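Spelled out from the first residue to the last, the chains are:
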Amino acid sequence: MSGGVVLAEVWWEQLLHGILSWEFLQFVVAFVSIFGFVLTSAVILILAERKVMAWMQDRYGPLHTGPWGLLQTVADVGKLLLKEDIHAGKIDKAVFILAPSVFLAPVIASFAVLPFSPYISLPGGPLATGIVYLIAMSSLDVVGVVMAGWGSNNKYALIGGLRSAAQMISYELPLVLSLVSIVMLTSILLDNGLGTIAIKDIMNLQMAQSWPGKGNPVWDFIFEGFTPWAWFILVQPLLLLIYYTCGLAETNRSPFDLPEAESELVAGYLTEYSGMRWALFYLGEYGNMTIVSAITAMLFLGGWSGPGVAFLTAPGMAIGWQVLGNLLALFYFILKIYLLCGVFIWVRTTLPRLRADQLMQFAWLILIPTTLVNIVLTGALYLVLNALGASNLVFLIVLGVVNWLMLFGFFWVVSRATTASTRRAVAPAIRARQRLAALTTTPVAPQLPEPERAGVTGAAGGGR
């Protein structure tokens, strides 16, 4: 037998062994689940947004396509796929065509490191630098927006692209700083001086090792791996709020939707897009909403943890229970994501769009100083309590109390800043109105007869 035939047989056996392996099956299941979630999530979120906004604004929302209008977004997808792709004149064609793909690619790449359950995760899930990777991907989509603004040969699109770049630079910094304190917490809990930025490790740190009734099967089923009192939202609620606010700004959602403000810029960087390319931008926007919500759920809300997940997926359980446990984890994780996406919709429905100066002031004068103070305070509290011999539990309780107080103080500062900014903005109009009121209410002085001049009077009298 020749060496080539032997080599081919070995290659074939290795390929067959790899395809029939447990790891390959895990990859196929995770790829189908995550790819299906990415494609259908945008359609579900658009329908939910229309229905929720209609409910909040006392309207009916979509009604006519399908039962209760449920097929409206499906019809929209068909329309966008069949719609003519119109190009404006004198555009930069290469930049114009590539921009939607550049915008969408980082969103798709972000899902590679998101674990949806203990079993459903792509090979990038165990990435040790998961948070850094996600932040890097979230920073790249602005390149697609700037390309769309530049390539459209339209002044409104260009202004929208420039606004998006300025907004991204301003809010990227507090977003990263808000995650620094989480890494500090992991360093303290792991007691290794380094901490971790791996997503799965951060989720595991939010699962306490003791719970009420430990040893009882019922309580073990509920609380094993599901300990809400250990979630980081209780220790750092202010950081959750700041991270979520920065996520709103980075996804160009209301009240930070200045890049596509329809009342000022027609549609901003989307002005010259239509059909499938326009749909790719919207798919990326709703994908970004999902990414921000997923990171929030993993870093602050325990990820996929819920009653029964850790109990059913423990080593030694039968394959059927393992499958049920993974389905439960998938359900809990997607439920948390959609609840957080509901907050996106709620904010869009209730808050007006910020002005450009308010947007910048909020980032540079409020968010960045707050995150810096929180980092210093976290480190200072740990040093003081550690020097006094307090345990990590005492440190977490004290830090949680201080952070909740800071959260209420943050609301007070934002309220005062909003009032002051509004007063400055409307001051010229108020002064103009006061001047007009003063002019209309001031009584007109009586007209006195002009004194008669002697020469004129005499001449007039002489004439008479």
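Here, every reference points to the structure presented above.
These remarks concern the structure in this document.

Conventions used here
- Residues numbered from 1 in each chain as written.
- Predicted model: local features only at pLDDT ≥ 70, side-chain atom pairs only at ≥ 80, totals over all residues.
- Heavy atoms only, no water.
- Helix = DSSP H or I, 4+ residues; strand = E, 2+ residues; numbered from the N terminus.
- Buried < 20%, exposed > 50% of the residue type's maximum accessible area, 1.4 Å probe, protein only.
- Contact = heavy atoms within 4.5 Å.
- Areas by Shrake-Rupley, 256 points an atom, 1.4 Å probe, with all protein chains shown as cover.
- Patch = residues over 30% accessible without salt bridge, like charges linked within 9 Å, V, L, I, M, F, W, Y side chains within 5 Å.
- Salt bridge = Lys/Arg side-chain N within 4 Å of Asp/Glu carboxyl O.
- Core = buried A, V, L, I, M, F, W, Y, C linked by side-chain atoms within 4.5 Å.
- 1 Å grid on protein atoms, 1.4 Å probe; cavity = no way out; pocket = protein on both sides within 12 Å on 5 of 7 lines; lining within 4 Å.
- Points joined across faces, edges and corners; volume = space filled by probe spheres on them.
- Nonpolar A, V, L, I, M, F, W, Y, C, P; charged D, E, K, R; others polar.
- Axes fitted to C-alpha atoms, helices over the stretch in contact; angles between N-to-C directions.
- Parallel < 35°, antiparallel > 145°, perpendicular 65-115°, else oblique.
- Left-handed = near helix turned anticlockwise from the far one by under 90°.
- Arc of directions from axis to C-beta.
- Phe/Tyr/Trp six-rings, centres within 6.5 Å; stacked < 30°, edge-to-face > 60°.

Side note on the overall build of the protein
Stage number 1. A count of helices and strands for the protein gives 17 helices and 0 strands.
Stage number 2. The proportion of buried residues among the 464 residues of the protein is 41%.
Stage number 3. Looking at the protein alone, contacts between residues at least 24 apart form 77% of all its contacts between residues at least 6 apart.
Stage number 4. When the accessible area of the protein is evaluated, it comes to approximately 24600 Å², of which 71% is carbon and sulfur surface.

Some details on a nonpolar patch on the surface
Stage number 1. Together, F24, F27, V28, F31, V32, F35 and L39 line one region of the surface with nonpolar side chains, adding up to about 610 Å² of accessible area.
Stage number 2. By secondary structure assignment, the location of F27 is in helix α2 (residues 22-56).
Stage number 3. Take F27: its relative accessible area is 34%, and that puts it in the partly exposed class.

What to know about the nonpolar core
Stage number 1. Core analysis: the biggest nonpolar cluster contains 77 residues, and F111, L114, F116, Y171, F300 and F333 have the highest contact counts within it.
Stage number 2. Among the elements that make up this core, the one with the highest residue count is helix α12 (residues 275-300) (12 residues).
Stage number 3. In this structure F333 touches P115, F116, A294, A297, M298, G303 and W304, once residues within four positions along its chain are discounted.
Stage number 4. Counting 12 residues, the second largest nonpolar core, distinct from the first, contains F96, A148, L270 and Y273.

Observations regarding empty space enclosed by the protein
Stage number 1. Under the definition given, this model contains 5 cavities of 30 Å³ or more.
Stage number 2. Here the largest cavity defines a volume of roughly 200 Å³.
Stage number 3. Lining of the largest cavity is provided by 19 residues; of these, L134, S138, E250, I291 and V292 occupy positions nearest its centre.
Stage number 4. Broken down by secondary-structure element, the contributors of at least two residues to the lining of the largest cavity are α4 (93-110), α5 (130-151), α6 (155-190), α10 (237-250) and α12.
Stage number 5. At 6 residues, α5 tops the list of elements feeding residues into the lining of the largest cavity.
Stage number 6. For the lining of the largest cavity, the class distribution of residues is 13 nonpolar, 4 polar and 2 charged.
Stage number 7. The computed volume of the second largest cavity comes to approximately 40 Å³.
Stage number 8. Every residue along the wall of the second largest cavity is listed here: F37, V38, S41, A42, F111, L283, Y286, G287 and T290.
Stage number 9. When contributions to the lining of the second largest cavity are tallied by element, the ones reaching two or more residues are α2 and α12.
Stage number 10. Tallied by class, residues from the lining of the second largest cavity come to 6 nonpolar, 3 polar and no charged.

Digging into the packing of α10 against α12
Stage number 1. At a minimum axis separation of 10 Å, α10 and α12 run at an interaxial angle of 165°. When the axes of α10 and α12 are compared, the pair comes out roughly antiparallel. Once α10 is placed against α12, the crossing between them reads as right-handed. Mapping the contact onto sequence places L239, L240, Y243, Y244 and G247 in α10 and V292, S293, I295, T296 and F300 in α12.
Stage number 2. For the contact of α10 with α12, the class distribution of residues is 7 nonpolar, 3 polar and no charged.

Brief notes about helix α3 (residues 72-82)
Stage number 1. Burial in α3 covers these residues: Q72, T73, D76 and L80. Viewed end-on, α3 has its buried residues packed into an arc of 90°, placing them on one side of the element. Residues L81 and L82 are exposed on α3 and point more than 90 degrees away from its buried face.

Concerning the packing of α10 against helix α16 (residues 392-441)
Stage number 1. Close contact between α10 and α16 brings their axes to 7 Å; oriented N to C, the two are set at 45°. The pairing of α10 with α16 is recorded here as oblique in orientation. Between α10 and α16, the residues in contact are P237, L238, L239 and L241 and N403, W404, M406, L407, F410 and F411, respectively.
Stage number 2. By residue class, the composition of the contact of α10 with α16 is 9 nonpolar, 1 polar and no charged.

Some remarks on the pattern of salt bridges
Stage number 1. A complete count under the given rule lists 5 salt bridges for this structure.
Stage number 2. Here R253 and E49 are joined by a salt bridge, their closest N and O atoms 2.5 Å apart. With R253 in the loop between α10 and α11 (262-265) and E49 in helix α2, this residue pair connects regions lying 204 residues apart in the sequence.
Stage number 3. Judged by relative accessible area, R253 falls into the buried class, the value being 2%.
Stage number 4. What you see here is one network of salt bridges that share partners, running through E49, R253, E285 and R348.

Section: the packing of aromatic side chains
Stage number 1. According to the stated counting rule, one finds 14 aromatic pairs in the structure shown.
Stage number 2. Note on F103 and F281: the rings are 5.3 Å apart at their centroids and 45° apart in plane angle, and the pair reads as tilted. Of this pair, F103 sits in helix α4 while F281 sits in helix α12, placing them 178 residues apart in sequence. As far as the burial class goes, F103 and F281 line up, both buried.
Stage number 3. Between Y282 and Y286, the aromatic rings sit 6.1 Å apart at their centres with planes inclined by 40°, giving tilted as the arrangement. Of this pair, Y282 and Y286 both sit in helix α12, separated by 4 residues, roughly a single helical turn.

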